[in-house]
Amino acid sequence: MTDAPHVLVDEADGVLVATLNRPEKLNALSRQTLEILESAVYRFRDSPSLRVMLIRATGRYFSAGADLREAGVSAPPTSGTEIREMHRLHLNGMRRMYDEMEAIEKPFVIAHQGPCVGGGLELSLSCDFRLAAASASYSFPEGKMGVLPATNGISRLVRLVGAHWARYLVMANLPANAQKALVMGLVHEVFPDEGFDDAAMAFCRHLVGNNPDQMGAAKVAIEIARELGVTQAASVERLANSALMLAPAYLEGMRAHVATIGTKTSG
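The notes below deal with the structure included here.

### Examining the overall build of the protein chain
Scanning the protein chain from terminus to terminus reveals 10 helices and nine strands. Here the protein chain has a C-alpha radius of gyration of 20 Å; the compact-globule value for 267 residues is 18 Å, and the two agree. Each of the three principal axes of the protein chain carries a C-alpha extent, and together these read 70 × 45 × 35 Å. Taken over 267 residues, the protein chain has a buried fraction of 39%. Sequence-distant contacts, at least 24 apart, represent 67% of the contacts inside the protein chain between residues at least 6 apart. Roughly 14400 Å² of accessible area belongs to the protein chain as shown, and the carbon and sulfur atoms make up 58% of that amount. Computing the positive centroid from 26 side-chain charges and the negative centroid from 29, the protein chain places the two 4 Å apart.

Okay, here's the thing in structure tokens:
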């Protein structure tokens, strides 16, 4: 039995890196895992020097999902209301942490080096960018138990991949390999297994180099626009730009961009 922390947290080049570190348990999400992750999320939120948060894992699995062997801290629910409240308020604070990740105006990147199952996939759905190694795969085992993945597994999944692919993963209860996940829109990029950690960090460093105000405004505007009709969504664009275009960074960036275009055309 190892006494190593279930998550390792470090900083590098403006990136807060949280590494799931229970390879012997296939990185099952324990109470300790979620407590450390949530603390890291708040550290990321409250540290201006940290521009991107990367969640990754050690071992052959990204995560096998919730740690079902971990003893519960309270009596099991006995009514439908108690079950609904359990999903909303308990489950080691999953919903609270996911809501915070979605609200923070900084990018979260998650990198799957292997199978990403159940609760591990639900965690991933609240991140802004999902990267996969070629050997990654995705599935929800809840269907085999006769229930639904109910903490992001329906609500956030449908918003990302649509009802068509949500039926495949949840209703048909079929797994998806990395390439199928890319077709679904479940992940943004698939990289070779060799060098995957370096590729994920390179992606994060690219984000660190982006304008943080633009990324924050984009995160909020995209989330709002998705819920609106085209006319109202266009107003969101205008509203966001009415603040961004007054910033010195925009004026400097515009001058630099125009100068670059002029150099290319004159050559």
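### Side note on the pairing of strand β1 (residues 7–12)
Relative to strand β2 (residues 15–20), β1 runs antiparallel, the two being bridged by six bridges. Among the inter-strand pairings, A12 is bridged to a residue of β2, identified as V15.

### Notes on the sheet that holds strand β7 (residues 137–139)
The three strands lie next to each other as β5-β7-β8, forming an open sheet whose pairing is mixed. This sheet does not close on itself; its edge strands, each paired only once, are β5 (115–117) and β8 (176–177). As paired elements, β5 and β7 share three bridges and run parallel to each other. Across the sheet, the residue bridging to C116 is Y138, located in β7.

### Focus: the nonpolar core
M53, I55, M101, Y138, L157 and L186 are the most contacted members of the largest nonpolar core, which has 44 residues in total. If you list the elements that add at least two residues to this core, you get β2, α1 (31–46), β3 (52–57), α3 (94–103), β4 (108–112), α4 (119–125), α5 (155–171) and α6 (178–184). Take this core: its biggest share by element is six residues, from α5. In this structure I55 touches A18, L37, F62, M101, V109, I110, A111, L123 and C127, once residues within four positions along its chain are discounted. With 18 residues, the next largest nonpolar core counts V15, V17, L131 and M201 among its residues.

### Digging into unusual backbone geometry
Peptide bonds are, in most cases, trans, and in most cases residues other than glycine have a negative phi. Look at N152: it is not a glycine, yet its phi comes out positive at around 95°. Structurally, the position occupied by N152 is in the loop between β7 and α5. By relative accessible area, which is 2% here, N152 ends up buried. Even without being glycine, N173 reaches a positive phi, approximately 55°. Following the sequence through the fold, N173 ends up in the loop between α5 and β8.

Parameters and conventions
Residues numbered from 1 in each chain as written. Predicted model: local features only at pLDDT ≥ 70, side-chain atom pairs only at ≥ 80, totals over all residues. Heavy atoms only, no water. Helix = DSSP H or I, 4+ residues; strand = E, 2+ residues; numbered from the N terminus. Rg over C-alpha atoms; globule rule 2.2 N^0.38 Å. Buried < 20%, exposed > 50% of the residue type's maximum accessible area, 1.4 Å probe, protein only. Contact = heavy atoms within 4.5 Å. Areas by Shrake-Rupley, 256 points an atom, 1.4 Å probe, with all protein chains shown as cover. Lys, Arg positive; Asp, Glu negative; His and termini not counted. Charge placed at Lys NZ, Arg CZ, Asp CG, Glu CD. Pairing = 2+ DSSP bridges. Core = buried A, V, L, I, M, F, W, Y, C linked by side-chain atoms within 4.5 Å.

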